[in-house]
Amino acid sequence: MLKAWYSFLLCWLSLQLEANPGLKVRITQKGLDYGRRIGMELLKQEVLKETFPSWSGQESFSIVKVNYVISRLRINAVDFPESSASFIPGTGISLSVAHASATISADWKMNAWLLSKDQGGITVSVSGLFIAVIIKVSRDSTGRLSMLLHNCQTSINSVKVKLSGGSSWIYSFLSGSIEKPVHTKLNKNLCLNIKYKIQMMDAHLRKHKVLSQIDAFVQIDYSLVSSPAVFKSHMNLDLKGTVYPLGNHTDPPFVPAPFALPNKDDSMLYLGISSYFLKSASLAYYKAGAFNITMSKELATTFNLNTALFKDFVPEIALSYLTACPMLLKLMATSPPVISLNADRCILQITGCVEVFAVLPYSTTQYIFAGNLTASTRVYLTITKQKLIISLLLKRLQFSLLHSILGFSEMSLAENFLSYALQSAVIPEINDKLGKGFPLLNLAHTTLTGPVIKMNPGHLVIATDVDYKRKEGGDEDLHSHS
């Protein structure tokens, strides 16, 4: 019996460790192919900038021993006519290049017995280059994406060496002897260079911020909750997707519910956003005080906020102040706004209270009335560049009076005024705070093209392609440094 309980406990603990994500990212084969094409172009640019260390050697020809030094190696031209990329289930990504060619130039110095020292230039033509690489992807202990070289194979069909300058005609017969060490060195160093580049990429990923500040109120945790799940047709990344108030990383009192991305591959990327992400954002903004607004005449730009304005809404207020006084409306959320995500719409309900004051001479204030209100707003979602922009539109307002120094004859008129004030001044202020948007990706020079938002019960899915445009002369990598 004890053994059975022990097995049950282990099973329960393992389930707890598999946390559901708040955000999901799927890269399809279409997205991988686009990344490969961009990557090949960037690789060409980087290869042409590469510098290589000098090397020396010795070759024997009959009774003559020749010592040589090859220096200032530089790649003048490179071509990758055939390349492919695919997912390796359970492992990562396979990349291959076939029939590649390159032209390399360098300086040479030689000396030999009975011959004087000489120097000149060398041109190396490499053709039939084949490279096959498997990159393993995983999650490191900090929740960042990690990659390492899992396997590397290279072969070179042909290396031709041509000497020029100096008395190169004397050494031209040695070109064939030099081709072999050049061939060997290139074949040996290719995988070492590839391994180094992948290590550099991994080191950059380790510096990548998983906690990103969005605005003056909140930040988002983009850390991976599990290692990437790699399948034959796509790769899934499960992100924590929790929104926190700045400086407060306490998890919300609710957890993400499981959800699935659609089984489609028409787009390069599929981004899944759960209601948990939106609920944690609502809670974070509430805790940060983003829904608390004091409306004065400076904020109410579309109308003159003073006691005379209430003549048609609450006549008792206008009659109590013979000289029109400016007014203050203090609106405070009394609980986190409730968000509901359905198949065709997203609703945010804000519950709070309002206090109304008259501003008397010398900036003293006089309390007039207070009440509870519930505002039901429609949430509109749009995508700009790499950001999800959220905006609210007031649909309905309910108001109940708590206390007043005056008698109210028509409560509905006061409700109408508050509805107008919220719609014309308060909601735009909230939208302005939300206007910076939530970053969906963190890739430099990249925009989402043709994004389509599909709402589902409990989550929404964004299907999109991406477009990468590198600035002229830019040296940045694909990851943004912001």
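Look a little higher up for the structure.
Since the structure is predicted, the reported quantities are computational estimates derived from the model, not experimental observations. (Residues numbered from 1 in each chain as written. Predicted model: local features only at pLDDT ≥ 70, side-chain atom pairs only at ≥ 80, totals over all residues. Heavy atoms only, no water.)

### Some points on the overall build of the chain
- Looking only at helices and strands, one finds 7 helices and 22 strands in the chain.
- Counting only residues that meet the buried cut, the chain has 44% of its 482 residues in that class.
- Residue pairs in contact within the chain that sit at least 24 positions apart in sequence constitute 67% of those at least 6 positions apart.
- Total accessible area on the chain stands at roughly 25400 Å², and carbon and sulfur atoms take up 57% of it. (Helix = DSSP H or I, 4+ residues; strand = E, 2+ residues; numbered from the N terminus. Buried < 20%, exposed > 50% of the residue type's maximum accessible area, 1.4 Å probe, protein only. Contact = heavy atoms within 4.5 Å. Areas by Shrake-Rupley, 256 points an atom, 1.4 Å probe, with all protein chains shown as cover.)

### Some thoughts on the nonpolar core
- Counting 78 residues, the largest nonpolar core has Tyr285 and Leu329 as its most contacted members.
- Per-element tally for this core: the top contributor is helix α7 (residues 411-434), with 10 residues.
- Among all residues touching leucine 329, those that are not within four sequence positions of it are Ile293, Thr294, Met295, Leu305, Glu355, Val356, Phe417, Leu418 and Ala421. (Core = buried A, V, L, I, M, F, W, Y, C linked by side-chain atoms within 4.5 Å.)

### Digging into α7
- Along its length, α7 shows its largest kink, about 45°, at leucine 422.
- Where α7 is concerned, the buried positions are Ala414, Phe417, Leu418, Ala421, Leu422, Ala425, Val426, Ile427, Ile430, Asn431, Lys433 and Leu434.
- Structurally, α7 contributes buried residues whose contacts are with α5 (275-287), β14 (293-295), β15 (327-333), β17 (346-359), β18 (365-384) and β19 (387-404). (Bend = angle between axes of the 7 residues up to and from the residue.)

### A word on the environment of leucine 440
- Note that leucine 440 resides in the loop between β20 (438-439) and β21 (446-456).
- For the pair leucine 440 and leucine 388, spaced 52 residues apart in the sequence, the C-alpha separation amounts to 6.7 Å.
- The residues contacting leucine 440, other than those within four sequence positions of it, are Leu271, Ile273, Ile383, Gln386, Lys387, Leu388, Leu448 and Ile462.

### Some remarks on the pairing of β15
- In terms of burial, β15 is a largely internal element, 5 of the 7 residues being buried.
- Judged from the 3 bridges that link them, β14 and β15 form a sheet pairing that is antiparallel. By the bridge assignment for β15, isoleucine 293 is matched with leucine 331.
- In this structure, β15 lies alongside β17, joined through 7 bridges in antiparallel fashion. Directly across from leucine 329, in β17, lies its bridge partner valine 356. (Pairing = 2+ DSSP bridges.)

### Considering the side chain of serine 94
- For serine 94, the position within the fold is in strand β5 (residues 92-112).
- With residues near it in sequence (within four places) discarded, serine 94 still touches Ser84, Ala85, Ser86, Ile88, Val133 and Ile134.

### Here's the deal with the sheet that holds strand β10 (residues 229-230)
- Taken together, the 6 strands give an open sheet; going across it, the order is β10-β11-β1-β13-β22-β21, and neighbouring strands pair in antiparallel fashion. If you trace the sheet from one side to the other, it starts and ends with β10 and β21, each paired once.
- Looking at chain direction, β10 and strand β11 (residues 234-239) are connected through 2 bridges and run antiparallel. Residue pairing in the sheet places valine 230 in a bridge with methionine 235 of β11.
- Against the sheet, helix α2 (residues 29-47) touches β1 (23-28) and β22 (459-468), its axis set at about 70° to β1.
- α5 contacts β1, β13 (269-274) and β22 of the sheet and is inclined by roughly 55° relative to β13. (Axes fitted to C-alpha atoms, helices over the stretch in contact; angles between N-to-C directions.)

### So, the side chain of threonine 446
- By the secondary structure assignment, threonine 446 is in strand β21.
- Classification of threonine 446 as buried rests on a relative accessible area of 8%.
- When near neighbours in sequence (up to four residues on either side) are disregarded, threonine 446 contacts Gln386, Val466, Asp467 and Tyr468.

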